[in-house]
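Structural overview
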Amino acid sequence: MNDKLLPLDRLRVGQKGVVMDIAATDSEKRRFWDLGLIRGTTVESLHKSPSGDPIAYFIMGAVIALRNYDAEKVLVASSM
Amino acid sequence: MTVKNIALIGNPNVGKSTVFNGLTGLSQHTGNWPGKTVSLAFGTFVHRGQAFSLIDLPGIYSLMANSPEEAVAIDYLRQKKPDVVVIVADATCLERNLNLAIQIAQAYCNVILCVNLLDEAKKKGIQIDLDTLSRLMDIPVVGVVARSKKNLDRLKDQILCTSRNPADPDSVLADFTEEIITDSVNRASTIYRACVRLERKDYNAPDRTLDRIVTSKSLGYPIMLLLLSLIFWITLQGANHISEYLHMILFGLQDHLFVLLTSWNAPVMLIDMLLFGVYQTVAWVVSVMLPPMAIFFPLFTLLEDSGYLPRVAFNMDRCFRRACAHGKQALTMCMGFGCNACAIMSCRIIDSQRERLMAILTNNFVPCNGRFPTLIALISMFFAGLSAGPLQDVIAVGLLVAVILFGVIITLIVSKILSMTILKGLPSSFALELPPYRRPQFVKVIIRSLLDRTIFVLGRAVVVATPAGLIIWVLANTYTGETSLLNIFTNALDPFAGLIGLDGVILMAFILGFPANEIVIPIIIMTYMATGSITELDTLQLRTLLVENGWTTTTALCTLLFCLLHFPCGTTCLTIRKETASWKWTAAAFIIPTVSGLIVCFIVAQTLYLLGV
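Residues numbered from 1 in each chain as written. Chains lettered and ligands numbered in written order. Predicted model: local features only at pLDDT ≥ 70, side-chain atom pairs only at ≥ 80, totals over all residues. Heavy atoms only, no water.

**A closer look at the overall build of chain A**
Along the backbone of chain A there are two helices and six strands. Starting at the N terminus and ending at the C terminus, chain A contains elements arranged as β-β-α-β-β-β-α-β. The globule rule puts the C-alpha radius of gyration for 80 residues at 12 Å, and the 11 Å found for chain A is close to it. Counting only C-alpha atoms and orienting by the principal axes, one finds that chain A spans roughly 30 × 30 × 25 Å. In chain A, the share of contacts with a sequence separation of at least 24, taken over all contacts with a separation of at least 6, comes to 60%. Only carbon and sulfur atoms are counted for the fraction: they give 50% of the accessible area of chain A, which is about 3,300 Å². Where the 11 positive side-chain charges of chain A centre and where its 10 negative ones centre are 3 Å apart. (Helix = DSSP H or I, 4+ residues; strand = E, 2+ residues; numbered from the N terminus. Rg over C-alpha atoms; globule rule 2.2 N^0.38 Å. Contact = heavy atoms within 4.5 Å. Areas by Shrake-Rupley, 256 points an atom, 1.4 Å probe, with all protein chains shown as cover. Lys, Arg positive; Asp, Glu negative; His and termini not counted. Charge placed at Lys NZ, Arg CZ, Asp CG, Glu CD.)

**Description of the packing of helix H9 (residues 220-263) of chain B against helix H10 (residues 268-306) of chain B**
Residue and element names in this part refer to chain B. With their axes 8 Å apart at the nearest point, H9 and H10 run at an angle of 155° to one another. As far as their axial angle goes, H10 and H9 are roughly antiparallel. Judged by the twist between their axes, the crossing of H9 over H10 is right-handed. Counted by class, the contact of H9 with H10 contains 28 nonpolar, eight polar and no charged residues. (Axes fitted to C-alpha atoms, helices over the stretch in contact; angles between N-to-C directions. Parallel < 35°, antiparallel > 145°, perpendicular 65-115°, else oblique. Left-handed = near helix turned anticlockwise from the far one by under 90°. Nonpolar A, V, L, I, M, F, W, Y, C, P; charged D, E, K, R; others polar.)

**Remarks on the confidence of the model for chain A**
Per-residue pLDDT for chain A averages 88, and the proportion of residues at 70 or more is 94%. Averaged pLDDT values for the elements of chain A fall to 84 in helix H1 (residues 26-34) of chain A and rise to 95 in strand E4 (residues 55-59) of chain A. (pLDDT = per-residue confidence, 0-100.)

**Some remarks on a nonpolar patch on the surface**
All names here are of chain B. Nonpolar side chains collect at one region of the surface, where Phe496, Leu499, Phe514, Phe590, Ile591, Val595, Ile599, Phe602 and Ile603 lie side by side and expose about 770 Å² of accessible area between them. Elements supplying a minimum of two residues to the nonpolar patch: helix H18 (485-499) and helix H24 (583-610). Here Ile599 shows up in helix H24. Of the residues examined, Ile599 reaches a relative accessible area of 47% and is grouped as partly exposed. (Patch = residues over 30% accessible without salt bridge, like charges linked within 9 Å, V, L, I, M, F, W, Y side chains within 5 Å. Salt bridge = Lys/Arg side-chain N within 4 Å of Asp/Glu carboxyl O. Buried < 20%, exposed > 50% of the residue type's maximum accessible area, 1.4 Å probe, protein only.)

**Things to note about helix H15 (residues 372-383) of chain B**
Residues and elements named next belong to chain B. Counted at 1.5 Å a residue, the expected span for H15 with its twelve residues is 16 Å, and the 16 Å between its end C-alpha atoms agrees. Of all twelve residues in H15, ten are buried, a share of seventy percent or more. Taken residue by residue, H15 has Phe372, Pro373, Thr374, Leu375, Ile376, Ala377, Leu378, Ile379, Met381 and Phe382 as its buried positions. (Expected span 1.5 Å × (residues − 1).)

**Overview of the layout of surface pockets**
The space that makes up the second largest pocket amounts to roughly 890 Å³. As for the second largest pocket, its lining consists of 31 residues, of which A:Lys16, A:Thr42, A:Phe58, A:Gly61 and B:Glu95 are closest to the centre. Within the residue set of the lining of the second largest pocket, elements represented by two or more residues are strand E3 (42-48) and E4 of chain A together with helix H7 (178-195), strand E8 (196-198) and helix H8 (205-214) of chain B. With six residues, H7(B) is the largest single contributor of residues to the lining of the second largest pocket. Of the residues contributing to the lining of the second largest pocket, the split by class is 13 nonpolar, nine polar and nine charged. (1 Å grid on protein atoms, 1.4 Å probe; cavity = no way out; pocket = protein on both sides within 12 Å on 5 of 7 lines; lining within 4 Å. Points joined across faces, edges and corners; volume = space filled by probe spheres on them.)

**A short note on the side chain of B:Lys4**
By the element assignment, B:Lys4 lies in strand E1 (residues 4-10). Among residues more than four places away in sequence, those in contact with B:Lys4 are B:Gln50, B:Ala51, B:Phe52, B:Ser53, B:Asp83 and B:Ser163.

**Digging into the interface of chain B and chain A**
Contacts between chain B and chain A engage 45 residues on the former and 29 residues on the latter. For the pair chain B and chain A, the two sides together bury roughly 3,400 Å², of which 56% comes from carbon and sulfur. For the pair chain B and chain A, the interface holds two salt bridges. The partner of B:Asp317 in a salt bridge is A:Arg67, and the shortest N-O contact between them spans 2.9 Å. Between chain B and chain A we count ten residue pairs in polar contact (both at pLDDT 80 or more) in total. Tallied by class, the residues present in the side of chain B that touches chain A amount to 17 nonpolar, 15 polar and 13 charged. For strand E5 (residues 62-66) of chain A and strand E9 (residues 431-433) of chain B, the ladder comprises three bridges, and the chain directions are antiparallel. Across the sheet, residue A:Leu66 finds its bridge partner in E9(B), namely B:Ala431. (Buried area = accessible area lost by both parts, 1.4 Å probe. Polar contact = N/O pair within 3.5 Å; in protein donor to acceptor, adjacent residues only side chain to side chain. Pairing = 2+ DSSP bridges.)

**As for the pairing of E4(A)**
All names here are of chain A. Of all five residues making up E4, four are buried, and the element is well covered by its neighbours. Both E3 and E4 contribute to a ladder of five bridges, which runs antiparallel. Pairing of Val43 across the sheet is with Ile59, part of E4. Hairpin connection, E3 to E4: the antiparallel pair is bridged by six residues, and Gly52 has positive phi, about 85°. Judged from the five bridges that link them, E4 and E5 form a sheet pairing that is antiparallel. Along E5, the bridge assignment pairs Ile59 with Ala62. The antiparallel hairpin formed by E4 and E5 contains two residues in its connecting segment, where Met60 sits at a positive phi of about 50°.

**Let's talk about the nonpolar core**
Nonpolar side chains in soluble globular proteins tend to end up buried together. Residue and element names in this part refer to chain B. Core analysis: the biggest nonpolar cluster contains 134 residues, and Phe232, Ile524 and Trp551 have the highest contact counts within it. Looking at this core element by element, the count peaks at 18 residues for H10. For Ile524, the residues in contact, after removing those within four places along its chain, are Val505, Ile506, Ala509, Leu546 and Trp551. (Core = buried A, V, L, I, M, F, W, Y, C linked by side-chain atoms within 4.5 Å.)

**Some points on empty space enclosed by the protein**
Going through the model one piece at a time under the given rule, you end up with four cavities of 30 Å³ or more. Volume-wise, the largest cavity comes out at about 420 Å³. Contributing to the lining of the largest cavity are 28 residues, with B:Tyr61, B:Glu70, B:Lys328, B:Asp351 and B:Ala431 lying nearest its centre. Split by residue class, the lining of the largest cavity holds eleven nonpolar, six polar and eleven charged. Surrounding the second largest cavity, 15 residues form its lining, A:Gly61, A:Val63, B:Asn204, B:Arg208 and B:Pro436 being those nearest its centre.

**Thoughts on the pairing of E3(A)**
Relative to E3(A), strand E2 (residues 16-22) of chain A runs antiparallel, the two sharing three bridges. Among the inter-strand pairings, A:Lys16 is bridged to a residue of E3(A), identified as A:Glu44.

**Quick notes on the packing of aromatic side chains**
All names here are of chain B. Tallying each qualifying case throughout the model produces 13 aromatic pairs over all chains. Their ring planes at 50° and their centres at 5.3 Å tell us that Phe300 and Phe337 sit as a pair that is tilted. Highlighted residues: Phe300 in helix H10 and Phe337 in helix H12 (residues 329-338), separated in sequence by 37 residues. Given a relative accessible area of 9%, Phe337 falls into the buried group. (Phe/Tyr/Trp six-rings, centres within 6.5 Å; stacked < 30°, edge-to-face > 60°.)

**Concerning the pattern of salt bridges**
Under the counting rule described, the total for this entry stands at 18 salt bridges over all chains. The salt bridge involving B:Asp211 is made with B:Arg208; its shortest N-O contact spans 3.2 Å. Of this pair, B:Asp211 and B:Arg208 both sit in helix H8, three residues apart, roughly one helical turn. With respect to class, B:Asp211 is no different from B:Arg208; both count as buried. As a salt-bridge pair, B:Arg311 and B:Asp211 come within 2.7 Å of each other at their nearest N and O atoms. Of this pair, B:Arg311 sits in helix H11 (residues 309-322) while B:Asp211 sits in helix H8, and the two are 100 residues apart along the sequence. Via salt bridges that share partners, A:Asp53, A:Arg67, B:Asp317 and B:Arg321 belong to a single interconnected network.

Below is the structure:
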């Protein structure tokens, strides 16, 4: 399974992933938790901004834009 | 009878303020982006003989305090221990909202879940089983459509009923560990799946399609510019006609007033002072400044209510990241178009102190509603040609957009400089919610903001323009030797003002305009008229007046730039002091735009002088 782990920002548009780990400091983690990004959450990459950064994701029924610098701290297993 | 305390809480952008207004009948502006409820709003209502005091807490995502906003809400819950906590949730985005609801339901006993925006959910084919939701959450649930006040009485009944239960004096907020959060997120998902049925799996497909268009590589920026241009174009078109009309009425009225006052045998000096000092200044404010303000404001509010502005922030984020600024600074800048003081308050949506200060210090580079008409007036008088025509319109709108873009560029440059000097640091992590698009309430927004703006501007005109008009009249009519005090004063400013392409009168107008930017142009007009012989003037002859007083294209350009880049108005300065709790930062917010303006105007003026323009 490990070979399929990838940073959130590397999901292709339209691709879904399940959060496996968050590699961040405690205070950063709490921000991710706030958004519903915890182990086991499914995330879908929705669309990129004109410059490709930030990217909008579908998380727990809401559309949330994250900068790639932050999103890469969230490791997901892609489901396809 | 004791008054029961009710707290409204919820994620940002769930229509909490609309529920608040619906319950209390108090009018309050509700916005469509995260964190718009910037200060705590209080209200009261009486239901079946019981009085309630209602507080609208800032929108939060969880009970973990990550931002000052969240801390305010959490502190309130901790310390005030309200009798009832009403959680407002967005029916179209329930899963996410349930996370907070679960956390609150665990910490408090007297909790009601109010599911708002049921009409939007219905349109999207989202069916919510409110009874099951109530059973699984183990708290009362009321579904409402706050906009049309549907079911608000049921909510009141429920509040009354719940408030009769004794409040738990020992309710505590647990410290949040990963386990607790995981648990509440998982429960939110489980409950969501049990209560919500989607008629169409792709219920938000229209939103996604629209998002892909307005944020696409090829169309994202053009659409932004087009929308901005469209708003400017409508403003320009409408304002011109209304301006002329108002001018005709107000200056016609002046003659009647003159006849009336003379018939009362009022002293000539008093008539002179009241009519040509006070009345005319106010009339200029109303006829020249009011129309663009009254048109632009509702248009922008419509755009704001539709949910488009967070997409602008999404598109623009790259620029702000480069400047080491927060992505939400784009939102606070957009707020600046309405009012810089309000925008300063909205900077609270930025968690990090460093980036918040950056947004506050640079906010004034966005021309507010009070400076906007000055830009319009200067552009249409000096750069777009006086004759109306499609080409002139295009030029005028294009120039206006260019001026705004110039302000944005200056914002980014100054932000970058700040981040390398007094506000060193890296951008903090940020998450920007792109809320569902909503159809703005056209009629309500237009009527409300038109009335609000008109009354607001009229009020300010009377409060600020009256004394300003009086001062100018007195100065113009007090002589020491051959010259009036006004001349002495403006002559003293002339040499310095000349360096930056202005003249003493213009600089004085900006200084006297400190309480309110919308009186700058009226003061310039009044001062020239006081020193000259013209007493009657229509809006079309304004250019003649200015040119007779030595205005060139350079003067107009520098005035335009200085209007964009100068110290914030008095209200904004006070707001900055309040928000930063520091005179030092207030001074910085005053000095930075002023110095930027002086530098830019100096360079432009000297270059144009050298080129012999």
